[in-house]
Amino acid sequence: MSRRKFDEMSEYASPADSGSARKRRRTDAVEIEDRLESLIIRVGEKSTSSLESNLEGLASVLEADINNYKGKILKILSDCAVKMPEKTTIYTTLVGLLNAKNYNFGGEFVDMMARKLKEAVKACMWKTARYVLRFFADLVNCHVISTNSLLQLLHTFLDTARDDNSPQVRSDTYVYAVLSCLPWVGRELYEKKEQDLERLLKHIEIYVRKRSRKHMPGLRVWRSDRPHPQEEYLDCLWAQICKLRSDNWQEKHIARPYVAFDSILCEALQHNIPQITLPPHHSDNTYTFPWVVFRLFDYTDCPEGPVLPGAHSIERYLIEEHLHNIIKEYHLERKQCAAVLLDFPLKHKIPLEYMIVEVVMAELFHLPVPRYLEICYGSLLIELCKLQPATMPQVLAQAVELLFDRIDTMNVCCFDRFVNWFGYHLSNFQFKWSWDDWLEAAQLDPMHPRAKFIIEVLLKAMRLSYRQRIAEVVPEQFDCFVPLKPEPVYKFSIDTADADLPGLDTAQRLESVVRAKGSTAEVLQTLAELPNPLRENEDSEPTHNPLQIQVFLQTILHLGSKSFSHAFAGISKFLKVFESIVGNNEEGQLIVLREMHDVWSTHQQMVVMLCDKFLRTQIVSCATMANWIFSKEMTSEFTKNYIWEILHGTIRKMNKHVAKLQREVNEARERRTGNESDDSSSDDEEQRPRPSEEEIERMEEKLETAQADQKNLFLIIFQRFIMILSEHLVRCDTDGRDFNTHWYRWTIGRLHQIFMMHNTQVERYSQTLSTLLFTQDLEPHILDAFNQFVALRS
Amino acid sequence: MVYLHFPSNLTEEEQMLQAKYQKLRRKKKALHALKAPKQEPEPLVPLKRPMEAKDAKEMAKKLIKSGAIKVPERPQAATEKTTFKRSMGLERKLSAADKAPSGYQPFSTTHPEEEIHESRVKVKQNLYDSFVTARDREERGEFTRDGRGADGKPRQGHTIYVYGYHISEEVLKKAFSTFGNIVNVNMEIEKNCGFVTFDKVESAEKAIADMNGSMVSGIQLKVSLARRQPVIDPINDASSSATWSTIAASHSQKGSHKDKRDLVAYDDNFF
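Here the residue numbers are simple positions, counted from 1 along each chain's written sequence. Here every chain gets a letter starting at A, and every ligand a number starting at 1, in the order they are written. It should be noted that, the model being predicted, local features are given only for residues of pLDDT at least 70 and side-chain atom pairs only at 80 or more, the latter also being counted only at that level, while totals for whole chains, interfaces and linings use all residues. Heavy atoms throughout the structure, all of them, feed into the side-chain values; hydrogens and water do not.

Chain B goes by Negative elongation factor E in an unreviewed UniProt entry, where it is assigned to Portunus trituberculatus. UniProt positions are given in the numbering used here, feature names are shortened, and annotations may be inferred rather than shown by experiment. Under the UniProt heading Sequence similarities (unreviewed entry), the note attached to chain B is "Belongs to the RRM NELF-E family." Under the Function (unreviewed entry) heading, UniProt states for chain B: "Essential component of the NELF complex, a complex that negatively regulates the elongation of transcription by RNA polymerase II by RNA polymerase II. The NELF complex, which acts via an association with the DSIF complex, causes transcriptional pausing."

Caption draft 1: Quick look at the overall build of chain A. Strands are runs of DSSP state E lasting at least 2 residues, helices are runs of H or I lasting at least 4, and numbering of each runs from the N terminus. Within chain A, the regular secondary structure consists of 36 helices and 2 strands. In terms of overall dimensions, chain A has C-alpha extents of about 105 × 75 × 60 Å along its principal axes. The proportion of buried residues among the 794 residues of chain A is 57%. Note on areas: these come from Shrake-Rupley sampling with a 1.4 Å probe, and a residue is covered only by the protein chains present in the view. Within the structure as shown, chain A displays about 34100 Å² of accessible surface, and the carbon and sulfur contribution to it stands at 49%. Positive: Lys, Arg. Negative: Asp, Glu. His and the chain ends are not part of the count. A charged residue contributes its charge at one atom only: NZ of Lys, CZ of Arg, CG of Asp or CD of Glu. Averaged over its 95 positive side-chain charges, chain A has a centre that lies 4 Å from the centre of its 112 negative ones. To sort residues, take the accessible area from a 1.4 Å probe on protein chains only and compare it with the maximum for the residue type: under 20% means buried, over 50% means exposed, and anything in between is partly exposed.

Caption draft 2: Region of interest: the side chain of His544(A). All names here are of chain A. By the element assignment, His544 lies in the loop between helix H23 (520–528) and helix H24 (546–559). Contacts described as polar in this section are N or O atom pairs within 3.5 Å, which, within protein, must combine one atom able to donate a hydrogen with one able to accept it, while residues neighboring in sequence count only if both atoms come from side chains. Side-chain polar atoms of His544 contact the side chain of Thr543, separated by 3.1 Å. Here the side chain of His544 touches Asn585 through a polar contact of 3.5 Å, side chain to side chain. In this analysis, two residues are considered to be in contact whenever any of their non-hydrogen atoms come within 4.5 Å of each other. In this structure, His544 is in contact with Asn532, Leu534, Ile549, Ile581, Asn585, Glu587, Gly588 and Ile591, ignoring residues within four places of it in sequence.

Caption draft 3: Structural context of the packing of H24(A) against helix H27 (residues 586–599) of chain A. Residue and element names in this part refer to chain A. Angles run from 0 to 180 degrees between N-to-C directions of axes, and those axes are lines fitted to C-alpha atoms, restricted for helices to the stretch in contact. Taken N-terminus to C-terminus, the directions of H24 and H27 make an angle of 40°; their axes are 9 Å apart at the nearest point. The two elements H24 and H27 cross, and the hand of that crossing is right-handed. On H27, the residues touching Pro546, Ile549, Gln550, Leu553, Gln554 and Leu557 of H24 are Gly588, Ile591, Val592, Glu595, Met596, Asp598 and Val599. In the contact of H24 with H27, the residues fall into 8 nonpolar, 3 polar and 2 charged. By definition, turning the near helix anticlockwise from the far helix through less than a right angle yields a left-handed crossing, and turning it clockwise yields a right-handed one. Three categories are distinguished: nonpolar for Ala, Val, Leu, Ile, Met, Phe, Trp, Tyr, Cys and Pro, charged for Asp, Glu, Lys and Arg, and polar for the others, with Gly belonging to the last.

Caption draft 4: A look at the environment of Glu695(A). All names here are of chain A. Along the polypeptide, Glu695 turns up in helix H32 (residues 693–735). Classification of Glu695 by relative accessible area gives partly exposed; the value is 37%. It is 63 Å that separates the C-alpha atoms of Glu695 and Lys243, two residues lying 452 residues apart in sequence. Among the polar contacts made by the side chain of Glu695, one reaches the main-chain amide nitrogen of Ser692 at a distance of 2.9 Å.

Caption draft 5: Fine view of the UniProt feature "domain: RRM" (unreviewed entry) in chain B. Mapped onto the present numbering, the UniProt feature "domain: RRM" (unreviewed entry) falls on residues 158–228 of chain B. Helix makes up 27% of residues 158–228 of chain B and strand 37%, with an end-to-end C-alpha separation of 10 Å.

Caption draft 6: The arrangement of the pairing of strand S3 (residues 193–198) of chain B in detail. All names here are of chain B. Counting buried residues in S3 gives 5 out of 6 residues, a clear majority hidden from the surface. Each pair of strands is called paired provided DSSP finds at least two bridges between the two strands. Strand direction decides the pairing type here: strand S1 (residues 159–163) and S3, joined by 5 bridges, are antiparallel. When the sheet's bridge partners are listed, Tyr161 is paired in S3 with Phe195. Relative to S3, strand S2 (residues 182–188) runs antiparallel, the two being bridged by 6 bridges. Note on S3: the bridge partner recorded for Asn184 is Thr197.

Caption draft 7: A look at the pairing of S1(B). When S1(B) meets strand S6 (residues 222–225) of chain B, the two strands line up antiparallel, connected through 4 bridges. When the sheet's bridge partners are listed, Ile160(B) is paired in S6(B) with Leu225(B).

Caption draft 8: Representation of the packing of aromatic side chains within the structure. Residue and element names in this part refer to chain A. Ring pairs shown here join Phe, Tyr and Trp side chains whose ring centres sit within 6.5 Å, with only the six-membered ring taken for Trp; geometry is labelled stacked below 30 degrees between planes, edge-to-face above 60, and tilted in between. Evaluated as defined, the whole model comprises 53 aromatic pairs over all chains. Centroid distance Trp126 to Tyr287: 5.2 Å. Interplanar angle 20°. Geometry classified as stacked. Residue Trp126 is found in helix H7 (residues 126–141), and its partner Tyr287 is found in the loop between helix H13 (262–265) and strand S2 (292–293); the two are separated by 161 residues along the sequence. By relative accessible area, Trp126 is classed as buried at 11%.

Caption draft 9: Seen up close, the nonpolar core. Residue and element names in this part refer to chain A. In these notes, a set of buried Ala, Val, Leu, Ile, Met, Phe, Trp, Tyr and Cys residues joined through side-chain atoms within 4.5 Å is what counts as a nonpolar core. Residues Leu77, Phe136 and Leu182 are the most contacted members of the largest nonpolar core, which totals 96 residues. When residues in this core are grouped by element, the largest group, 15 residues, is from helix H4 (residues 51–83). If near-sequence neighbours (up to four positions away) are discounted, Leu182 is found in contact with Leu189, Leu197, Leu200, Leu201, Ile241 and Trp249. By size, the runner-up hydrophobic cluster in this structure holds 92 residues, among which are Leu346, Val419, Phe422 and Leu444.

Caption draft 10: Representation of the pattern of salt bridges within the structure. All names here are of chain A. Salt bridges are defined as contacts in which a side-chain nitrogen from Lys or Arg sits within 4 Å of a carboxyl oxygen from Asp or Glu. Under the defined criterion, the tally for this structure stands at 51 salt bridges over all chains. The partner of Glu693 in a salt bridge is Arg672, with the nearest N and O atoms 2.9 Å apart. A residue pair is termed long-range when its members are at least 10 positions apart, and Glu693 in helix H32 and Arg672 in helix H30 (residues 641–677) qualify at 21 residues. Look at Arg672 and you get buried, because its relative accessible area is 17%. Here the residues in one salt-bridge network are Asp172, Arg211, Arg213, Glu232 and Asp235, joined through shared partners.

Caption draft 11: How the structure looks around the sheet that holds S3(B). Residues and elements named next belong to chain B. On the basis of which strands lie adjacent, the open sheet formed by 4 strands has the order S2-S3-S1-S6 and antiparallel pairing. Every other strand in the sheet has two partners, leaving S2 and S6 as the edge strands with one partner each. Strand-to-strand twist in this sheet, taken as the mean axis angle between neighbours without regard to direction, amounts to 20°. Lying over the sheet, helix H7 (residues 201–211) contacts S1, S3 and S6, oriented at roughly 150° with respect to S6.

Caption draft 12: How the structure looks around helix H14 (residues 314–330) of chain A. Multiplying one less than the number of residues by 1.5 Å gives the expected span of a helix. For H14(A), which comprises 17 residues, the first-to-last C-alpha distance of 25 Å matches the rise-based estimate of 24 Å (1.5 Å per residue) to within 8%. H14(A) sits mainly inside the fold: 13 of its 17 residues count as buried.

Caption draft 13: Fine view of the packing of helix H28 (residues 604–616) of chain A against helix H29 (residues 622–629) of chain A. Residues and elements named next belong to chain A. The contact between H28 and H29 brings their axes to 10 Å, and the two run at 150°. On the basis of the axis angle, H28 is roughly antiparallel to H29. Judged by the sense of rotation from one axis to the other, the crossing of H28 with H29 is right-handed. On H29, the residues that touch Val607, Cys611 and Leu615 of H28 are Cys622, Met625 and Trp628. Among the residues forming the contact of H28 with H29, the class breakdown is 6 nonpolar, no polar and no charged. Note that the term roughly parallel is reserved for angles under 35 degrees, roughly antiparallel for angles over 145, roughly perpendicular for angles of 65 to 115, and oblique for everything else.

Caption draft 14: Structural detail: a negative patch on the surface. A cluster of like negative charges, contributed by Glu694(A), Glu695(A), Glu697(A), Glu701(A) and Glu704(A), occupies part of the molecular surface. By the secondary structure assignment, Glu694(A) is in helix H32. Patches here are clusters of residues that have more than 30% relative accessible area and form no salt bridge, with a 9 Å joining cutoff for like charges and a 5 Å cutoff for nonpolar side chains (Val, Leu, Ile, Met, Phe, Trp, Tyr).

Caption draft 15: Spotlight on empty space enclosed by the protein. Residues and elements named next belong to chain A. Whether a set of points on the 1 Å grid over the protein atoms alone is a cavity depends on a 1.4 Å probe fitting there but being unable to get out, while an open set qualifies as a pocket with protein on both sides within 12 Å along at least five of seven lines; lining residues are those with an atom within 4 Å of a point. Grid points are joined across faces, edges and corners, and a volume is the space filled by probe spheres set on the points. With the rule as written, the count across this model stands at 10 cavities of 30 Å³ or more. Its boundaries defined by the atoms lining it, the largest cavity holds a volume of some 100 Å³. Considering the residues around the largest cavity, the lining is formed by Arg223, Ile407, Asp408, Met410, Val412, Phe415, Pro449, His742, Arg745 and Trp746. At the level of secondary structure, the elements contributing two or more residues to the lining of the largest cavity comprise helix H19 (412–427) and helix H33 (742–757). The greatest single-element share of the lining of the largest cavity, amounting to 3 residues, is contributed by H33.

Caption draft 16: Geometry of unusual backbone geometry. Residues and elements named next belong to chain A. Residue Arg226 is joined to Pro227 through a cis peptide bond whose omega torsion reads 0°. As for its placement among the helices and strands, Pro227 is situated in the loop between helix H11 (216–219) and strand S1 (231–232). Note the cis peptide between Leu367 and Pro368, where omega equals 5°. Inspection of the secondary structure puts Pro368 in the loop between helix H16 (352–364) and helix H17 (374–387). Of note, the phi angle at Phe431 is positive, near 55°, even though the residue is not glycine. If you trace the backbone, Phe431 turns up in the loop between H19 and helix H20 (449–464).

Caption draft 17: Quick look at a positive patch on the surface. A cluster of basic residues, Lys20(B), Lys23(B), Arg26(B) and Lys27(B), forms a positive patch on the protein surface. Within the secondary structure, Lys20(B) sits in helix H1 (residues 12–35).

Caption draft 18: Spotlight on the environment of Leu346(A). Residue and element names in this part refer to chain A. Inspection of the secondary structure puts Leu346 in the loop between helix H15 (334–342) and H16. With relative accessibility at 19%, the residue Leu346 sits in the buried group. Separated by 93 residues in the primary sequence, Leu346 and His253 have C-alpha atoms spaced 8.3 Å apart.

In structure tokens:
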């Protein structure tokens, strides 16, 4: 970064600098190593002298130090090669120069990279593998590696397509690696080995043609292919490579510093990449999920200025990959991330703001789940706006308008993320927006995606602000969209309640008991006077008393209605009462949820928080929560976002519980076996007693119960989905109506969302699901959602 | 980089292509209108901006980029069109002496092209330098006393600065809405001042001329051009863009909101 560092570098460039030579003798080895590392890492950053002279200088410095610091230099270079893919060509040039000066060093470097590749494919580190392959490809341009040996390696990768026993995602991963290195080496191969290159491409073409695309519908952000076709990543890259081929492999994006050193490099001897055999497929292997390329803009959307590269030009791919890498590198530091994105090396040649917004939106809407937290993208976009206020907010506003225009066919997972992001973004911009442009939405069916979007955005905005403010910000035509005033409805209120409402007197008494800081016993005593409407005769003892639960819940929530904290305090204080009158009874738990919703039906956030509280305190079980959401009383709420926030929260809680127990069991087992094999136990192990066999067994039992609960939860959810969807389809069929209503699309979208958001957990039970629920005779529309999920890994 | 020189007149082929493109576009539009489902009130995304070719060169460029047409091989261009192995080192060495200042300019809307024809490099570079420094000075508010910028022109801007004892957003909105459409009002209550952004420069000028020193609701106002004038040219037809831009450019993004709700008093906690 600092200027001084670059001056150091140019210092090396001047051959006779006795001062620095003396200094070097004085410093110890570690210091020199650090210095070498910093020099290698920084080469290619902005500098006062040209990149070529820096590279030349660095190469001669390294050459002098190779004998003493070979291991270190090799390590730094190979790390840079995979960790800084945007500087691939700079490091290949450096390696090329070193190889020209010291042939053995070049050989050792190639061996080391080959080892890295082997380790990467063994450990399923596909990104690393891809960058090593790309590095090899570019080393061909620098005369370090022979063309034939690269071709051989590429064919080895392509051969995975012939393995019949491995899933398609495996061969996809390898073919993608091959395709993505062609922009670098395509021209060289085309000039020197045209026929071999053609043969390679033919292989790829055959593979791309015949592969299955069953997973694709589930990964699309939009159902429609208009205005932009939704392409699968491999198809898109293949089209881009084909376009590159028709341009005779000329691209304008990659800077190639080695061209300047052609006269030096062409005299160097070349190495062969050592033979690499790819490990066979193993069921534990994880591969990158396929994805569908996100397209928001085309050149007609970007006004004056540089032209946006077309969807099938290789530049679009290269720039997008680079932007994604920047986000990955800096996602923890939003300010820095925004600055680096806006300082993109080729910013004058592309409509940078548009490409950044498209890439950030692509990450935000990525399916099945975004790579980072959604808030990470939201805060990044705000930083971008602050840093580039003249253009960024405008491009973002345009993006919102385009997204809103296309929302009719948007995937429900993405719809939720869009709502949450936009609400958050507005809260940082004083909720100002050209609401008047959306007035037409007020005339629409409230289930229509546009109307729903506005309703949900205002709800989200209200959570980040308050109702009165939101009501003032939007035009009066949107009064139908403004959330209701969040107020509790107390059934046993003395002013409004019917005088002979059962339980009214007890509720009054209970209120005064609680106000007088009564104990659990006193509360139970007050509740005990209520008759049980379920009791039919003297002999039968009902499992629960609905009236008791009703009176208790209403009163507690009424008294705790001031704030979240009040409500939570009330629940926590009388946990014992819940235990005694509700217990494990599912009917009782359902009444708890029903009464809670009756009190707070106008306050979605409160409902969400209380549901969370009930789960945490184990007043309500996860399974009951799911059953309640699908119950008759909730029909009117079913398509609202907060309901799904609750359900996903419930599933997440269950998953976390199982994961925690799993971790504990693994740890215990490790500690036990670890102790047996290792005689000299360290202090650390002495402190933690070695778990006994019984202890581990007990933990395993607990884990099994939790897993059974988890499986049960998923079974309930999917079964309820199948029930309501089948019912809808059958009724539409008998009535002769079109089944494809707004309700249907929301519901099937939600089913799809469960598969996507919790795919890792559902995957464990996919065998059971396919035999029990998603059988072949199921209605194909419902079965599709399941098949798309299965196709993610096949 | 590759430079393509386009003759200022269109070749016959280009003219034909252009005509053809327009025709195809009309057809596509018609098809679009036909296909649009009737029950949907809005048709699916019509192209955002009408594409009358203001400049045939631009159009041709776009077409080439998008891959719709190919550049006809021209013999004299062949020598200039460098192939894959172009000597970038040479290019860089030649231009290394007068590198553009590489600092990042958050407020510059127009980044001058870095790669320009060699003979013009020097001139452009000097231009760029003076441009940047002028902007810097302006942003720091170091313009000359008479309110003229470094280039001698009077300063202009959309945003005005208003000072007055105990002024409020409502007062400003009422007093200044007569001068034009107000895009945004930003208050710094504790400093007794506020910033009003108009959508037109003229409105801001008129507001300064008419209101400086006048009394509004018993408050004497001092009105002048705001020192910070983020350049906001609408680059697209998204209508919220100007508002968002002004808010993004102002430092206190959340400071101006005044909560009008009543304070809620809580009972004793009996839990």
